[in-house]
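Understanding the architecture of this molecule
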Amino acid sequence: MFGHIMVPVDLAHLAKLEGALKVAGDLAKHYGARVTYVGVTASQPGSVAHDPQDYAEKLAKFAATQAELHDLPQIETHPVTVPDPAAELDRALEKALGLLGADLVVMGSHIPRRFDLGSHGGRIARHSQVSVMVVRD
């Protein structure tokens, strides 16, 4: 049913993504799907990486760890660099989804807060033609 799973990750908050990462791994094994981990970073130094190249290397290392942990034979990474990840995250993820051609997105949810302006998963589900699974921890 699914051949390619896109998993957006925030390397600064991996502990909050454990449930989504496990679900993505389980689904990939069940369907024999490849998994692409997508990370969005700024072009400026940040708390996770000094520059986009450093971020890409950390994303690749993270993906290799996930492949070993979940016994995934087909993994890829797709680092995306934008000037302001907080403002451009949704558009960056939508563009990555279009470029990758994934047929399922598995992502962790944010913690609902008062005055929340909307979820990234909800926006992707509204603006794409593929299935989106939002996993709460």
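Each chain carries its own residue numbering, running from 1 in the direction its sequence is written. Residues qualify for local features only when their pLDDT is at least 70, as the model is predicted, and side-chain atom pairs are given and counted only at 80 or more; totals for whole chains, interfaces and linings, by contrast, use all residues. The basis for the side-chain values is all heavy atoms of the structure; hydrogens and waters are excluded.

1. Topic: the environment of Pro52
Its place among the elements puts Pro52 in helix 2 (residues 52-70). Categorising residues by exposure relies on relative accessible area from a 1.4 Å probe, with only protein chains included: less than 20% of the type maximum marks a residue as buried, more than 50% marks it as exposed, and the intermediate range marks it as partly exposed. Under the relative-accessibility criterion, Pro52 is labelled partly exposed at 28%. For Pro52 and Val40, which are 12 residues apart along the polypeptide, the C-alpha to C-alpha distance reads 9.5 Å. Any two residues whose heavy atoms approach within 4.5 Å are treated as being in contact. Residue contacts for Pro52: discarding those within four places in its chain leaves Ala42, Ser43 and Thr81. In this description a helix means any DSSP run of H or I spanning at least four residues, a strand means any run of E spanning at least two, and both kinds are numbered starting from the N terminus.

2. A few points about helix 1 (residues 18-31)
Taking 1.5 Å as the rise per residue, helix 1 with 14 residues should run 20 Å; its terminal C-alpha atoms sit 20 Å apart, in good agreement. Every buried residue of helix 1 is accounted for by Gly19, Ala20, Leu21, Ala24, Gly25, Leu27 and Ala28. Where helix 1 is buried, its residues contact strand 1 (4-9), strand 2 (34-42), helix 2, strand 4 (104-108) and strand 5 (131-135). With its phi angle positive at about 65 degrees, Gly32 sits one or two positions after the end of helix 1. By definition here, a helix of n residues has an expected span of 1.5 Å times n minus one.

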